[in-house]
Every structure is written in structure tokens, then in C-alpha cells.
Amino acid sequence: MKVDIEQLNKSFGTVVAVHDLNLDIRAGEFVAFLGPSGCGKTTTLLMIAGIYKPTGGVIRFGERVVNTVQPRDRNIGMVFQSYALYPHMSVFENIAYPLKLKGVSKDEQRVRVQRSADVMGIGDLLHRRPGQLSGGQQQRVALGRALVKEPDVLLFDEPLSNLDARLRLTMRGEIKALQKRLGITSIYVTHDQVEALTMADRIAVMNEGLLEAYDTPDDLYDHPKTLFIASFVGNPPMNILPIQAALEGDAVILQNDALRLPVRSERALKAAQQHGDLLMGVRPEDVTLSADGALCGEVFVVEPLGREDMIDVRIGQHRLAALVTTEKRIRAGNRVRLDINADKLQFFDPASKRSILWT
Amino acid sequence: MNVDETLSAPLADLSPTTVVPPPWLKMLIQIARNCLVVTVILALLALVFGSILRPALEAVNVNEELTALLSWLLIAAIPPALYLTVGFTARTLRNAHPARALVVALLAATLVYGATLLWNAAFPAAQAAQGQPSLEMTFAQADSGVVIESIVAGSAAEQAGLRVGDVITAIRRESIDLAALQSRIEEEPLGTPFRLRVQRDGEEFQVTVNSIASATGAGNAALSRAAAGRAVALVVTAVGLLVPFNWLPYLLLGVTLLPLLLGYTWLIVATFSQETHGLLPVDSTGSLGGLTLSNWDFLTEVSRRGSVWTYTLNSFAIAVIMTAALLVLCSMAAYALSRMEFRGRRLFLSFTLILHGFPAVTLLIPIYLVLLNLGALPIIGEYIGFNTLGGIALVEIAFGMPFGVWLMKGFFDNISWDMERSALIDGANRWRTFWEIILPQIRPGLFALGIFSFVGGWNTYLIPATFSTGTRIANLPVYIQQLLGETNPINWNEIAAIGLFQMIPILILFVFAQEYLLNIYSGGSKGSS
Amino acid sequence: MHCAPTATGTFLGMGMAAVTTTQSKRTSSGRPNLTAYLFLMPAVVLVVLFFLIPTILVLYISMTNLTSANFTADIAQMEFIGFANFTTLFNDQFAQKILFNTLFYVLVTMAIFNVGASLFVSLLTTHINRRASFVFRALWLLPRITAGTVYIMMWRRMIADPPFGILNQALGAVGGTPITGSEYVWTFVVIVNGMIGMSFGMVIFTAAIESISKDIMNAALVDGSTMLQRIRYIILPLLRWPLLFVISYQTLSLLTSYEQILLLTNGGPGLYQTEVWALTAYHRALSNYFGNAQWGYGSAFAVVLVVIGVLLAALYMRVFRFRDLVAEPKIETL
Amino acid sequence: MKKVLGLTILVVVGLLMGSAAFAQETIDISVRCVGGEIDRWRCENFAAVEEQVEAELGISLNLTLTHDAKAWADYKNEFLLAAQAGEAPDIILSGHEDVGAWAPAGFIIPLDDLIAQHSEFEDIVPTLWESQSWDGQVWAIPQDSEARPIFFSRLLLADLGWSEEEIASLPERVRMGEFTFEDMIATAEQAVAEGVVESGYGFYHRPSIGFDWLPYYLGHGGEIMIEDGTLVFDTEAALGAYELIASFAARGVTRPDMIGYDWTQMYTEVAPADQVLFYQGGTWQWADWAVNYIADLGGNDYLLENMGLMLFPAMTEEEGPLTLTHPLSYMISSSSEHPEVAMALLAAVTTVEANNRHAIESFHLGILNAQVEAEPYKSHPVLSTAHYMLDYTRSAPNHPSYSAWANAYWLGITAAHTGEATPEEAVQLAVETLQNELGDGITIR
């Protein structure tokens, strides 16, 4: 089932929660809504679920406009952050509830619940109450309940955020695998970019009610179209430095009050054509220690990340984060020289905050 | 030592190891300062109540005795408050140097004792200075009565014709022994005429002797009682200082609860006694004893007013109807108000709030008219009009509703929205969601409201008393009140038994469901706290 | 990063309420939701029957000279006399005394018991052993769940003259002079009502004190504060809202409840000594020794209370933070 | 099978119709009475005559008798509400003064025509009929009558030094006007001074509102209703009454907290005759005491030995000694469907036999001329000694506004008694209240 969203608007009183949202979700696709909390992604999801009424615009399931269709008639499944299990019902009753409401016979209920529970690996917990289950098990029950009626669309509202880090990793893989296997169109709301990047086919990044980007994870990471995407996607976040670019022979000189960096790259050339102030973005993994690096600064924080150290270098009044191998044993206060991978640079127009490379 | 000692150590200093014992002088100064502050505050308050508020209230024609009582209490509170102050201050020392703490406490308490003695002497115990009333005779106990041992020459007693050796048998018509005679003389105000029944040589006659102030032993009794009281306070202070237990809150709570405890104790004692004098069971002659089960005969008796079980049944019917209806009604209305969007929601909500504080009990007059009209309805009118159980229950339900809706709304507000959304997505409509998903979640709320409604319906007096006639549908409280009426001799002990009987279901609920009862208001105010 | 509040945002309610005219327009444009009305229906019927109609009726009756001698349930037949009853009421020599009685009763009971004692008891019970505190609190609840008639019977015995009275027995034991109930009648009226009223505040204050985060209390403990300091600087400021709630709610309760006074003193002894306004309405209309009930005149007394009640209730809506209450439901479907 | 079914239906229908026909002859009559246990015959007399009336009228009666001890105010209010709701009992027992309020309201029916049909009523003491009338019609049937005398303790008078003869002749001396109210208070004062009784125990009176207060007003020459039917408040008489009442506590013969005192407590003190010297009460209280308060001291015999009763001594020379009666009456409510049957029942209980049951057990005075001559009334030790009092009785008028009058009068009494107002102020208080509430309906003299 494909889902189309056109010009979707939602406001609460005078507060606009979702503004002119356009999205198309292909049948069987796994789409993540990514954004900081309160950016309108959950509101959009609830509109798709039929809990909220859109103020304007259209939501289409296949060819059917579902704006005024009751949630129970949309044939969707939803998994909530709080799991929303019914505490007074056993696991079996929880999973069977959608079937019961559909009027499915008791025998069939039993079969389908068992099947769904087995898929989720909770087949032996059916007689328990939700209160007697661990967080991961509850999450599986919630998923089982969402799946049991074989929904056309599966909605996830930050389903993993209440789990501990380890479990989150496992569940992430399982959900992804399950979705691929069943091929149910899925929409997944999260504020955790790793989840979005690892699970989704496409990611819709939202900010303040607006759709910032709608792309595959790779494109979002490598070709961020806006400054927001660039700084939001990726961990640790991208370094952003104000800069001016000027052509000097075949090299491009990137400079500001504290640094001067001659580079040779296609991207830099493109930037040099844009006169005036620019914002340069570079990911910490693209900053390297180099004895003859063009940049020089003082380390003032070292964050050991295990395999690597992240160092924060002060260059003039600017700061640059870099990932370096632990063997260098850099300490705060050391002066270091840095080099930058010129092929991975990003450039943004400070006024429009849009990329000058990918538009 | 109890579990949450850290939080429940109101009086103890918190970190004994870090306390540096202050110098003796400093501590004594501190004690003196604290005592002074406490005294001044209490005295000021007493002044405000006694000398300012009281006349002010008098001027506007309001009874002033409460303020008088308060001011008196405040003055009386000064000595104990000072003891406590000393205790508080010296207590910091306790953990580090218990022995020194005791010395300081005793020393300071003795000082305070002396000071308050002076204070008390200047204050209301002034009558003690007047001297003890006396009949100017001395007595001895004999088999036949109280024998006069000696008479002051020229005294009123002598002039009345009493002689040594006369036997006093009674004051007025009450026979009396030595102890009773002496305490009577002591207690009655000066100048009280004592009508003594005297026997001399087998003849009986009566004389009246007025009591006068005696020169000797003036006011010792009153003072010694006060002294005993202070000694007790002193001991309590000292013990309180040394016993590592937070006794003060218990003491205060116990004291404030005392009237209630006494009252309920009486209720229980009375049901098994012929009569009671205070808390003591007595028989018909007024002497201790007279325990009986006959007060409970009402359980099987059918009197002119019918059997008590009829009233019980009526009580039960009102309570049950009210509980059931309120549960359904309030949860439905509260659910809509809490979780649904509809035109007029704001209006309804503000209405509920206003009703919450509406003086409905003052509307009994027009409600009577409403009931009359309801009673005129075809078919159902017979069950819900004036003088029907249904009508009474209906008024009770209406009166209980604003609170119930308010309470239930608080509980609904706390239910997770995701739960309800989930149910809707699973395919339920609002009614099923309400019934199958939400209601089971607010079971504590339903219990609380249910119990509260039942208690309310079971105990209700004013409405059945006003809207029923005769005894057909009267409930237990109406029955009890009617037994307390003025046209009938009041048999307190039988009524106490019926009262206790009436309380039994409540007490059972109380024992098994007090947590819900204790939750009742907090649930209701949650929505807005 | 600022982000517009969404439905999941916690401050939605505030956002809603902050918006004025256009906002409320939108709210009231919510659809006439049939299901919601069905849910509300039974409650609404009762409200109309036993609150709305009676209020209108009492206003009307207060302007008629309805007495038992010309009694009729038919409104059209009642004799309309305008504001004559109110003139009589304001000319009544005792109206002023009754009014002061009422104010005195409400203020003193409120100050000493409904707020004072309940705060005192909740502070004490939250600072002692949990089990014991539970027992104490439960005991304090007893007066509220005892039938008024039984409770008052108990008290009548408590303050009876010697040799029956419990209080006088206790006084006698310590050598005091006996007191009579009528001497201290206000004292007892206040105590008897206060002991019922205080459980309300106690429950609310206790819940509020217990809901104060343990972290705050522990922080205060670590800072080395004494119990009194903790009460003064942490607990009491946090109790501001429950205090307001209790005061506003209990004022109305005290103002309009008269059952206990009716049963205990019936307004006496002597000249309206403990008569309060609500009781007068009852006496005038529904309880007269010689059998003539003045329904119109009694209603005039009731109307005064209704007006005060509505005014107070309006005030009380402000205290109740009405805005929070109307937080929009987070499901819009249907 | 079908046959059986048909037969069954036939039988059931037949039974139903039969019972319906039977039910037609059963007439429901409900009676509402009030009073303590000793007043039980007020209602039970109906049960006693049930069969007789059934036989007379050839009907079957289903009597519902409700008798309890409700407070008067609640009792009357109950009837009021029930009457308007059409649920009033067929027969209600209440004070005769309610005729004044209930007749104009249409709650009860006039009985003139019905009375004529029963000869039993002819024997009723003629003066009693006055109190049953309003607007020229009779609306009620007397149920009992009483005297409200002053009781004196023979024991305490003896303690005071009175001789046997002095005590025995006291009622007669009062009757002759030799022993006045002032003499009585002075005696009480003397008893207090000599310690024979405690201070405040010299003279007890009713602790609450009621009819017992009228003698003070009437004894000072006051009138309540004049012939044209208007209410009067005589300020001079009221002042006299209030001054007298105020003097009780001031002179130390009465407890200052007497008003509002507990009834049971009061009876406990009065009944043994060893604490209270004089007590203003009613004859029926004697019966109550004998049964409920001093049964173990010897009951009635004890009372006869130690207690005596007399008229209210003269307060002024002109009015002389007096007492008050407050007859209770049966009325028939207008919602009664069978007033004739109710009337037949009333006639049946208005016999010497039936009424004596009540009079003897509860020490109320008789209502029938023949009753006085009949045993055991005639030889009853209390009733026979009190019967002469009927010649000195007064009673309250029947007037729709009597209640307002009595309430205002009572206000003055409370004010004067508690010392909240001087007697003059108390009169002013009563006058203002009357004018405020009754306007032109009251004449102040």
C-alpha cells in the first residue's frame, strides 16, 4: 500500500505544527521521520493514523483519500513509544484484541495470535500480564499486536527510545528484517538519526513543521542539501566554519580571520565561484593530524571514544573537532597541526542556509 | 529505628559527627533567647485574642467565648512550650554529649519552672489566693456517717446548732462519706450553703451552714496540682531528650485525636452498658458495673416503629442505588469531559466546576417542587417522586455528581493517551475504548468513588429526613435521629448500639478500603495540582 | 532549538489558553459530537433537574409569599410580591447577628481546623513512621465517614453535664469544675464541624507533601536544614496551591453545610446563638415548631447563599486553574 | 396440552378477577401519630376498633398506623410536604392550632357534616370544640386534653420545714389565689439560700419553645386573638411576662442555661423529686417519669408520695391562677379517598373505653363528659386530682399567623431569659419582629 501526503497542514489554534507537507511513500517502503522532538513528526504520524484531523491537505492510502476515515477503518498497525499495552489484559488478549474487534472467530484468533507471537519470539509468554514482562518483551508484544491484523501500513512512534542501548541495537535489526520480510509499508518516527540511517529506505527530515529533506540515508549524509541537514545528520556533528573562498592559481584559498587553507578540489572550486562569505562544513572524520598541515591550533578537550579520540582544537576563536587514533596520545594543551580532506568539504550559503554544491 | 529515619528525624540534628558542642554559655543564652521569643509570641497572641479580638467581636454582637478560650489556652500553653523550647535547644547536644545534655536540660528546665511558677501565680490561678472554703469544722469517718470532731468556737456551724459528736449523713438528700464531703466543700465556691442532714441521739434534723474562707492551708490544693503538672512536664522533657525516639509527633497527634478516641470508645462501651457515666459503665443506681447485652435486642425486636432491618434495608437501597448510578454517570460524564472534543466542552467544564461548589443543600425547597412534578410523570413517576426511595436516591445522586465527575476526571486525565489511541487503531470505537480499555485502568478511582458514594448514601440524613414521610422509607440515620427526639425519653445506650450497628458496614469498608478513602480527594485534585 | 509545540508537547494547554478570541472561537467550533453528548446526557439531565431548575425556582419563590397556609406547587398560582421578602430579611433584627455568626463560624473553623489542624496533622504524619502515620490519618477520617446523627450523638454525650458527660468526667478526674455544653457552645460547634472538615485538607496536604520529590528533601537535609527550616522554606511554599484549593473549596462547604449544627444545637441555645445563614433558610422554610412554614421568606435566605455561592465558585474557577482543565483532548477522531 | 394451558389461563384470570373483586372492598386508611411509647394508644386505638368498624360498615380495612417520636417541627413539616404531594395520611394527629394553618391551605377537610352522622361526638366536653374550629367550621376531633400544671416536690418542701398540712393544702391555696407566683419564686429562693436545693434548682421550666410559655402572657392579662379574628400583642402583658421570666435566673432559682437544656437530663433531675423544687410541666410527663425515669424507685407510687401538682399561681390579682391545655386533635386530610370511613374510625376511638386507654396510660385528661364519671378515670389518683384544672385552662387560638406570633413571643422570652436583652428590649424585639413579618396583620397594644 502506498501512502501519499499532499500539502498536509496541521495547526493547533494559531500554532502551526505541520506546514505544507508533501511526501510519497512507496508500497513496502520503510520511511523514517527524523527531527528534533516537537518538530511535527509525531503529529504527522497521528494524522496518518487518523487520531488527528488534518487542518488542510490530503492523505491517500493507495488511491483512497483517508482524511475522514476512522482509524479502525484504515487497517493500520501502530507501535507506541510507551508500548501502550493494556495492563489489565494478558499478552494473548492484548494481541488478540484487534482480531476480537474485527469479529474474527475464537479459533482463528488463537491461531493468528500464536503465529504472530512466534514471529516476535514471545510465543511462550502469552498467559502473562504486561506488567510481568521486560521492556524488550513488551515491545515485542506491541509489535505483535500491530502485526496480527496484517495491516496495510505499519506506524512506529519512537518505539525503541525506552529500551536500553544494547536491546535497542538488537530490536533495530529485528524490526528492519521483519519489515523487509513482510513487505509492509512502514513509517517510523524517531529523533535518533542512527536508527533512521540504519533502518530506513528513505528519511524525511523535519524541522519546525517543515520538511527539510526527503532522501536516502546515503544522500543525506554525503550530499546534505541544507545546513540543518548537514549539522543534524551525522555523529559527531559536522564542523561548520565561516569562511571566504578565493581562487589563487589552481588552488582555492579558504580563509577567515584565524586560518588560511589552500586546497585543491572540485567542491572548493565550485565554492570559489561564489563570492563573499560562506559556511564551510567538514566532518570530524575528514580532519586529520598531519605534521605539515595547514591548520594549527591548541587542543583543549580530548574525548576518548574507545577506538578513536575526538579532539577539540581551538584555532583563533574557531573550534574544529577531529577524530584521531588513540596512539597519538594527544593531551589537552598540545599544539597540533591539522589537515582537511578537501574532497569531502561541504559549502553553504549563509543567507539561505542551503548547500551551494547540491542544489 | 524506622526505615526512613533520615526523613523522619524532625528534631534531631542531622549530622551528629560534625556537631561541635557549643560552649555552655552560648547554649544557655540560646535557650534563654528561645524561651523569651516563645513566651513573647504566645503572650502576644493571647493578648490579641483576649484583649483585642474579644471585645471587637463583642462589639459586633458575636459570641466571644471561643476567643476567650483560645487566649486562655495560649496562656496555658506557655509553660509546656517553654519546656519544649528548652528540649529543642538542648537536643542538639544530645548526640554528642548525652550526659551534659541532661544536665543542661534539667538546669534550664528548672529555671523555666521557676519562671513559669511566677507567671502562673500572676495569671488566672488568682482564685487560689482567696483561700480554701471551709465549714470551720473537722470531721472523722464513722460507720453511721461523718462525725464532727471539732467546731471552731463562734463559727456559723456552732451558731447553727451543731455540736461535736453529731453525725452528718447527707448533704441535701445525697448520702455522703468523709472524702465526698471534703471534696464538696473544697469544690463549691465560697459562701455556698450546705444543707446538712444530721443525726443526733437517733433524731434527724437539717441545718444549713455556709462555707467561708478558712485562714489555714490557703490554696494549697490548687497549687500542688499545678506543681504536679509541672513535675510531669519536667519528666517528660527530660525523657524526651534522652530517649532516641521521635516521640513528640506521636504525642501531639495522640493529644489531638483524644476527643475522637474518647467519643468512639464511649460508643462502644455504651452499647454494652445499662447506663454510662462518662466512659464508665454503670447500673441503674449509678455504681460501676451494669454490663448488659440487652441494648442489642433491637436486632430481633419488632417495635412499633418496625424492625430495624427495614431501616437497614432502606439505607442499603439508597446507598446501593446511589453508588451504582454515580459510578456509571460520573465516569461517563468525566470521560467525555476529559477525553473528547465537542462543541460546548468549555461550557460544560466550567459548569462542572461551579456545581462543585454550588450550595445545593439550600435548594431543598424548590427541589421538593421538582420531585412533586417528577412524581406526576406517568409510569416512572411512582418510583422517583417525593416520598420514594428512588426520589431520595435521585437527589443524592445529583448532589454527589459534581464531586464525582470532578474526581473521575482527575483519574481519566492521568490515563495515557497512547493507550487510547492504540485501542482506536486496533479497531475499537469510543464506547468500547471507554468500557474495555479505559475503565479497567481507573479501577482505583472507581473504588474510591464507589466507597465514598456508598458511605455518603448510607449515612445521609437531611434528604431522606426532608423528602420522606412516616417510616416506610426512612433510613437508619433518620431512625436514630428520631430516637434522639425531644418527645421521647432518650435511651442513650440502646441508641448507641443502633449507632454502632449502623456503623458496622462503614467500619468494614474502612478497614479494608481506607487507602481508597484516603485517596479520595487527592484523586480529585490531581487534575489541577 | 525552539520547536513549535505539538500535540505531544506538554505545554499545549498553556499555548491554547494563551491565545484569546480567535482561539476560543476555534475551540467552540469543535463539532457537535454526538457520542460525547450521549456520554454526558445522564449527568446533564440531573444537573438540569436538580440544579438549574431549582435555582430558577428558588429565585422565583423568594419573590412570592408562599407559606404553608397558601401552599401550592403550581408556580402560576403563587402570589408574586416582588422584593418584599428581601426587605423583610434586611430589616430582620437578627439577620445581622446570623450573618456574623456565619462569618465567625466559617472563618474560625477554617483557620483552626480545615487549614490549621489539617496542615499540622499532615506535617506531623509525613514525618513519622509510615505505618503509624497511616493509622493516624485513617483515624482522622472516621468523623467524615460516621453518619452525622451518630457522630453528633457521640458529641452530645461528650459534652453532657455530670455525671454523664465524658469531658466532665475527665475534668472531674483532674479536679476541674464541670462545664456545660451551652456555656461553650461555639467552641463545640467549631470543634465538632472542624473535626469532620479537617480530613479533607489533611488528605490533600499529605498527598502534596508526599509528592514533593525526595531529591529536594534530601538536598535540604544535606544542606543541614532543621525540620522547621524544611517546613518553612520547602514544604510550605510548595503547598501554596493545595492551600488555595482547600481554602476556596472549604469556604463554600462550611458556608452551606448546616446538618451538624442542626443536629447539635439547632441554632440555639438562646437567641440564635449558633444559628448560621443556611440553617435559617432551613428553619424558616422546613422546620417550624408551630407548623407554619414560610417558603417564600426561607427562599430569600437561600437566594442570598446561592448568590454568594456562585460568586465564590467563579472566584474558585480562577484558583482552580481552569486553563489547565480545558487542555484539548489529544484525540480528535470521529 | 393446549387444553391444560387454556384451563390454567382460565383459572389464573378467574383468580385475578376474584381477588380484584375482593380488593374492591378493602379500604386503605393510614394514620399518622406522634409521641413517646406511653402515647401509643393514639394510634393503637385504631387497631383496637378495626374489627368493630369493619363490621359496622361491612368493609375490609387495611390500616397503616405510623407512630414515632419525631420532633414536632419535623413532624408538621412532614405532613405539609406530604399533603401537597397528595401523599398525606388519611388521619393525622396534631396540635389543634394547626387547624389555623392547614384549613386555609386546604390540607384538611371541614368535618361539620360528618360529625353530625356520629353520635359519639356529642359527649365531647363543649369547651374543647372551640379549639377545633376555624372560620366558623369544625376541622378536627379532639384526641386528648391535658393540664400543664406546676409540679412541686413534697420531699423538698418538707426539707424546707413545711408541715404536712401546709404541703397538702398548697394546691388549694394556689387555687384560691393565696399563694401567688411571687410566693412560689420566693419559696424557691429560700430553698436555694438554705441549701435545700442547689442554686438554679428552685424552679425548672420547659427548656424549649412550646405552648408552656403562654400562661405567663395570659396570666398578665394578655390577649392573643380578639373576637374579630385579628391577632393582638399586648406589650404590657408581654413586659410583665418577660420581667417575670428574666427574674428566674437573676434570682438564682433557675439555671441560667435552662433554655436549651437537655430534656432527658432535665427529667432525670426532676422525676426523683429530690433535686428540683418546682417544675412547670404537663400531666403526661408524670406518666413518662413513672415508667422511664424512676421505675426502680417505685414508679407511680413514689411520685404520688413525693410529688404534687398545682395550677400556675396567680401572677396578677385580676387573672388569678390558671393553666394551659393544648388538645391534640385528629384531622382528616383532603387527600383522603374515604373520609367517611376515616370519620367512622374517629367516632369509634372517641369512646370512653378507647380514650380512657390513652388517658390512663399517658395521664392525659379526658375529652368526654362521660369519661370523667367512668372508672378507672374517676379513681385515678393523678387525673382525679388534676381534673379540676380544666376549669382554669386556657388555650392558644387557631389562626394562620399564630405561628409567627408565637415565634416572636418566644424570641422575647429567649432574649429576656438569657439576659441578652432587658425585658423592655425584649418586648421591643418581639414587636419589631411581628411588625416586620406580619405588617398590618398584627395589632400592637
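Residues numbered from 1 in each chain as written. Chains lettered and ligands numbered in written order. Predicted model: local features only at pLDDT ≥ 70, side-chain atom pairs only at ≥ 80, totals over all residues. Heavy atoms only, no water.

Asks: Would you mind going over the overall build of chain B with me for this structure?
Replies: A count of helical and extended segments in chain B gives 18 helices and 12 strands. When contacts within chain B are restricted to residue pairs at least 6 apart in sequence, those whose partners lie at least 24 apart make up 64%. (Helix = DSSP H or I, 4+ residues; strand = E, 2+ residues; numbered from the N terminus. Contact = heavy atoms within 4.5 Å.)

Asks: I'm lost on the state of the cysteines in this one. Help?
Replies: A covalent bond between the sulfur atoms of two cysteines is referred to as a disulfide. All names here are of chain D. One pass over the full model with this rule turns up one disulfide over all chains. In this model cysteine 33 forms its disulfide with cysteine 43; the gap between the sulfur atoms is 2.4 Å. Because the torsion about its S-S bond is 90°, the bridge between cysteine 33 and cysteine 43 counts as right-handed. Taken together, the positions of cysteine 33 in strand 1 (residues 26-34) and cysteine 43 in helix 2 (residues 41-57) put the pair 10 residues apart, joining distant regions of the chain. What makes cysteine 33 buried here is its relative accessible area of 0%. When its relative accessible area of 2% is taken as the criterion, cysteine 43 is described as buried. (Disulfide = S-S within 2.5 Å. Buried < 20%, exposed > 50% of the residue type's maximum accessible area, 1.4 Å probe, protein only.)

Asks: What exactly am I supposed to notice about the domain arrangement of chain A here?
Replies: When the parts of a complex come together, some accessible area is lost, and that lost area is often used as the size of the interface. All names here are of chain A. What the domain assignment lists for chain A is domain 1 (3-232) and domain 2 (239-348). With centres defined by C-alpha atoms, the gap from domain 1 to domain 2 works out at 40 Å. Domain 1 puts seven residues into the contact, and the matching count from domain 2 is seven residues. At the boundary of domain 1 with domain 2, total buried surface from both sides reaches about 640 Å², with 54% on carbon and sulfur atoms. Along the contact surface separating domain 1 from domain 2 lie zero salt bridges. Applying the counting criterion to the domain 1 and domain 2 interface returns three residue pairs in polar contact (both at pLDDT 80 or more). Secondary structure elements with two or more residues in the side of domain 1 that touches domain 2: helix 7 (217-222) and helix 8 (227-232). (Domains from an automatic or database assignment. Buried area = accessible area lost by both parts, 1.4 Å probe. Salt bridge = Lys/Arg side-chain N within 4 Å of Asp/Glu carboxyl O. Polar contact = N/O pair within 3.5 Å; in protein donor to acceptor, adjacent residues only side chain to side chain.)

Asks: Even after reading the chapter, I still don't get a nonpolar patch on the surface, so can you show me in this structure?
Replies: The grouping of B:Phe351, C:Val48, C:Leu52, C:Ile53 and C:Ile56 at the surface amounts to a nonpolar patch, some 390 Å² of accessible area in total. Top contributing element to the nonpolar patch by residue count: helix 3 (residues 34-61) of chain C, with four residues. Along the polypeptide, C:Ile56 turns up in helix 3. (Patch = residues over 30% accessible without salt bridge, like charges linked within 9 Å, V, L, I, M, F, W, Y side chains within 5 Å. Areas by Shrake-Rupley, 256 points an atom, 1.4 Å probe, with all protein chains shown as cover.)

Asks: Would you explain the interface of chain B and chain A in this entry?
Replies: At the interface, 19 residues of chain B touch 25 residues of chain A. Interface area for chain B against chain A, summed over the two sides, is near 1800 Å², with a carbon-plus-sulfur share of 58%. Across the chain B-chain A interface, the total number found is two salt bridges. In this structure, B:Asp426 engages A:Arg145 in a salt bridge whose closest nitrogen and oxygen atoms are separated by 3.6 Å. Joining chain B to chain A, the criterion identifies 10 residue pairs in polar contact (both at pLDDT 80 or more). Looking at which element gives the most residues to the side of chain B that touches chain A, the answer is helix 13 (residues 417-426) of chain B, with eight residues.

Asks: Whenever I open this one, the packing of aromatic side chains confuses me. Can you help?
Replies: Given two aromatic rings, their pairing is described by the distance between the two centres and the angle made by the two planes. Under the definition given, this model contains 71 aromatic pairs over all chains. Both rings, one in D:Tyr201 and one in D:Tyr204, keep their centres 5.5 Å apart while their planes meet at 40°; by these two values the pair is tilted. Like D:Tyr204, D:Tyr201 is buried. Ring centres of D:Tyr217 and D:Trp405 lie 5.1 Å apart, and the angle between their planes is 70°; on these two criteria the pair is classed as edge-to-face. With D:Tyr217 in helix 11 (residues 214-219) and D:Trp405 in helix 20 (residues 402-418), this pair connects stretches of sequence that are 188 residues apart. Among the aromatic residues, ring-to-ring pairing joins D:Phe151, D:Trp263, D:Tyr267, D:Tyr279, D:Trp286, D:Trp289 and D:Tyr293 into one connected group. Note that B:Arg339 overlies the ring of B:Trp417, its terminal NZ or CZ placed 3.9 Å from the centroid. (Phe/Tyr/Trp six-rings, centres within 6.5 Å; stacked < 30°, edge-to-face > 60°. Lys NZ or Arg CZ within 6 Å of the ring centre and 35° of its normal.)

Asks: I'm lost on the interface of chain B and chain C in this one. Help?
Replies: On the chain C side, the residues contacting the 124 residues of chain B number 131 residues. Linking chain B with chain C are zero salt bridges. Counting across the interface, chain B meets chain C through eight residue pairs in polar contact (both at pLDDT 80 or more). Sorting elements by how many residues they give to the side of chain B that touches chain C places helix 18 (residues 492-526) of chain B first, with 16 residues.

Asks: I'm lost on the pairing of strand 6 (residues 193-200) of chain B in this one. Help?
Replies: Each regular strand displays side chains that alternate between the two surfaces of the sheet. All names here are of chain B. Strand 6 sits mainly inside the fold: seven of its eight residues count as buried. Strand direction decides the pairing type here: strand 4 (residues 167-171) and strand 6, joined by four bridges, are antiparallel. Along strand 6, the bridge assignment pairs valine 167 with glutamine 199. Where strand 6 folds back onto strand 7 (residues 203-210) in an antiparallel hairpin, the turn is made up of two residues, including aspartate 201, whose phi is positive at roughly 55°. (Pairing = 2+ DSSP bridges.)

Asks: For this particular structure, what's the right way to read the nonpolar core?
Replies: Soluble globular proteins tend to bury their nonpolar side chains together. C:Phe50, D:Phe181, D:Tyr216, D:Trp405 and D:Tyr409 are the most contacted members of the largest nonpolar core, which totals 376 residues. Element by element, the count of residues in this core is highest for helix 9 (residues 185-211) of chain C, at 16 residues. Those residues in contact with D:Tyr216, other than ones at most four positions away along the chain, are D:Phe181, D:Phe203, D:Ala241, D:Leu244, D:Ile245, D:Phe248, D:Gln280, D:Phe312, D:Met315 and D:Tyr409. Core analysis: the second largest hydrophobic core is formed by 44 residues, A:Leu125, A:Ile184, A:Tyr188 and A:Met199 among them. (Core = buried A, V, L, I, M, F, W, Y, C linked by side-chain atoms within 4.5 Å.)

Asks: Looking at this model, I keep getting lost on helix 5 (residues 95-125) of chain C. Mind explaining?
Replies: For an α-helix the count is 3.6 residues per turn, leaving residues at separations of three or four pointing the same way. If you check helix 5 of chain C, its first and last C-alpha atoms are 42 Å apart, about what 31 residues at 1.5 Å a residue would give, namely 45 Å. Among the 31 residues in helix 5 of chain C, 22 count as buried, and that is most of the element. (Expected span 1.5 Å × (residues − 1).)

Asks: Which parts of the structure should I look at to understand the packing of helix 4 (residues 135-148) of chain A against helix 5 (residues 165-182) of chain A?
Replies: The axes of two packed helices give the description: the angle between them and the distance between them. Residues and elements named next belong to chain A. Relative orientation of the contacting elements helix 4 and helix 5 amounts to 15°, with a least axis distance of 11 Å. Here helix 5 runs roughly parallel to helix 4, going by the angle between their axes. The chirality of how helix 4 crosses helix 5 is right-handed. Across from Gly136, Gln139, Arg140, Leu143 and Leu147 in helix 4, the residues of helix 5 making contact are Leu167, Met171, Glu174, Ile175, Leu178 and Leu182. Classifying every residue of the contact of helix 4 with helix 5 gives seven nonpolar, two polar and two charged. (Axes fitted to C-alpha atoms, helices over the stretch in contact; angles between N-to-C directions. Parallel < 35°, antiparallel > 145°, perpendicular 65-115°, else oblique. Left-handed = near helix turned anticlockwise from the far one by under 90°. Nonpolar A, V, L, I, M, F, W, Y, C, P; charged D, E, K, R; others polar.)

Asks: Please explain the side chain of B:Thr271 as it appears in this structure.
Replies: All names here are of chain B. Tracing the backbone through its elements, the reader meets threonine 271 in helix 7 (residues 247-271). Taking relative accessible area as the criterion, threonine 271 reaches 0% and is therefore assigned buried. Not counting residues within four places of it along the chain, the set of residues in contact with threonine 271 comprises Thr292, Asn295, Trp296, Asn493, Ala496, Ala497 and Leu500.

Asks: Is there a simple way to explain the pairing of strand 17 (residues 308-315) of chain A in this structure?
Replies: Residues and elements named next belong to chain A. Where burial is concerned, most of strand 17 is hidden: six out of the eight residues are buried. Examined bridge by bridge, strand 16 (residues 295-304) and strand 17 share six bridges and lie antiparallel to one another. Paired with glutamate 303 across the two strands is methionine 310, which belongs to strand 17. Where strand 17 lies against strand 18 (residues 318-325), eight bridges are found, and the strand directions are antiparallel. Looking at the pairing, aspartate 309 lines up with valine 324 of strand 18. If you look at the hairpin formed by strand 17 and strand 18, you'll find two residues sitting between the two strands, and glycine 316 has a positive phi there, around 60°.

Asks: Can you walk me through the sheet that holds strand 6 (residues 141-144) of chain D in this structure?
Replies: Hydrogen bonds between backbone atoms are what pair the strands of a sheet, whose relative direction is either parallel or antiparallel. All names here are of chain D. The sheet built from five strands is open, its strands ordered 2-1-3-13-6 with mixed pairing. With one partner strand each, in any of the chains shown, strand 2 (60-68) and strand 6 form the two edges of the open sheet. Sheet twist, expressed as the mean angle between neighbouring strand axes with direction ignored, is 25°. Pairing geometry for strand 6 and strand 13 (residues 328-332), over three bridges, is antiparallel. What sits directly across from proline 142, in strand 13, is serine 329.

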